[in-house]
Amino acid sequence: KAGVTQTPRYLIKTRGQQVTLSCSPISGHRSVSWYQQTPGQGLQFLFEYFSETQRNKGNFPGRFSGRQFSNSRSEMNVSTLELGDSALYLCASSLAGQPNEKLFFGSGTQLSVL
Amino acid sequence: QQPVQSPQAVILREGEDAVINCSSSKALYSVHWYRQKHGEAPVFLMILLKGGEQKGHEKISASFNEKKQQSSLYLTASQLSYSGTYFCGTEKGGMTTDSWGKLQFGAGTQVVVTP
């Protein structure tokens, strides 16, 4: 079974630009969640999608948005990039996002904002 | 609310033991533990559910004290492969979907195992 695939692996953008990150979950997984990882902060929850619906959202500004397609693939968009958005963005998938399900993480997209 | 992990870092010699703690100020339904090696994705270790279950993974085990809203991860007879950053992730509430898929992770505990 293929794992969680995130593309691209690395991105370099400048302030003010926007960016779209992609995540393909494990086949059969319908829940996709996104996390921002920065040194010292651990993983900060961004949002979670299930069956094309955003079910939960973390404390991030509206510049961060996402969506999920009917094949469970998910995209995350960040508009008007700021320097502080530089981070590793991880997506994780699970069958249905239930509390007793483990998450399978992708290798992440390393975003650098200059 | 982000759970609090302690210690922030620990250095061990092969064969030594260590304990990593994860505390939350809110009632928890489940606690997840993941390990991330440098430049790699976090990898699942175990889940503990409300009820105080103790799970094991090789020589790594964990407990969940729901009264104290605290979980502890025990690294026994550590091996070089145990090096990495350990994260606990907590999920509140029970089986209502408004809390599903929303893990709150601690800042991580860096573990270095030396020969």
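In short, a report on the structure.

Reading the values: the criteria
- Residues numbered from 1 in each chain as written.
- Chains lettered and ligands numbered in written order.
- Predicted model: local features only at pLDDT ≥ 70, side-chain atom pairs only at ≥ 80, totals over all residues.
- Heavy atoms only, no water.
- Disulfide = S-S within 2.5 Å.
- Helix = DSSP H or I, 4+ residues; strand = E, 2+ residues; numbered from the N terminus.
- Phe/Tyr/Trp six-rings, centres within 6.5 Å; stacked < 30°, edge-to-face > 60°.
- Buried < 20%, exposed > 50% of the residue type's maximum accessible area, 1.4 Å probe, protein only.
- Lys NZ or Arg CZ within 6 Å of the ring centre and 35° of its normal.

1. Concerning the state of the cysteines
Residue and element names in this part refer to chain A. For the coordinates displayed, the defined rule picks out two disulfides over all chains. Here Cys23 engages in a disulfide with Cys91; their sulfurs sit 1.8 Å apart. Between Cys23 and Cys91 the disulfide shows an S-S torsion of about 65 degrees. By sign, it is right-handed. On the criterion of sequence distance, the pair formed by Cys23 in strand 3 (residues 19-24) and Cys91 in strand 9 (residues 87-94) is long-range, its members being 68 residues apart.

2. Thoughts on the packing of aromatic side chains
This model, assessed by the stated rule, comprises nine aromatic pairs over all chains. A ring pair is formed by Tyr35 of chain A and Phe105 of chain A, whose centres lie 6.0 Å apart and whose planes are at 50 degrees; its orientation type is tilted. Taken together, the residues span a long stretch of sequence, with Tyr35 of chain A in strand 4 (residues 31-38) and Phe105 of chain A in strand 10 (residues 104-105) at a distance of 70 residues. Given a relative accessible area of 0%, Tyr35 of chain A falls into the buried group. Accessibility expressed as a relative area gives 9% for Phe105 of chain A, which makes it buried. Ring pairing ties together the aromatic residues Tyr35, Phe45 and Phe105 of chain A together with Tyr34, Phe44 and Phe105 of chain B, which thus form one cluster. Its end group placed over the ring of Tyr10 of chain A, Arg9 of chain A keeps NZ or CZ at 5.2 Å from the ring centre.

The values are spatial; any link to function lies outside them.
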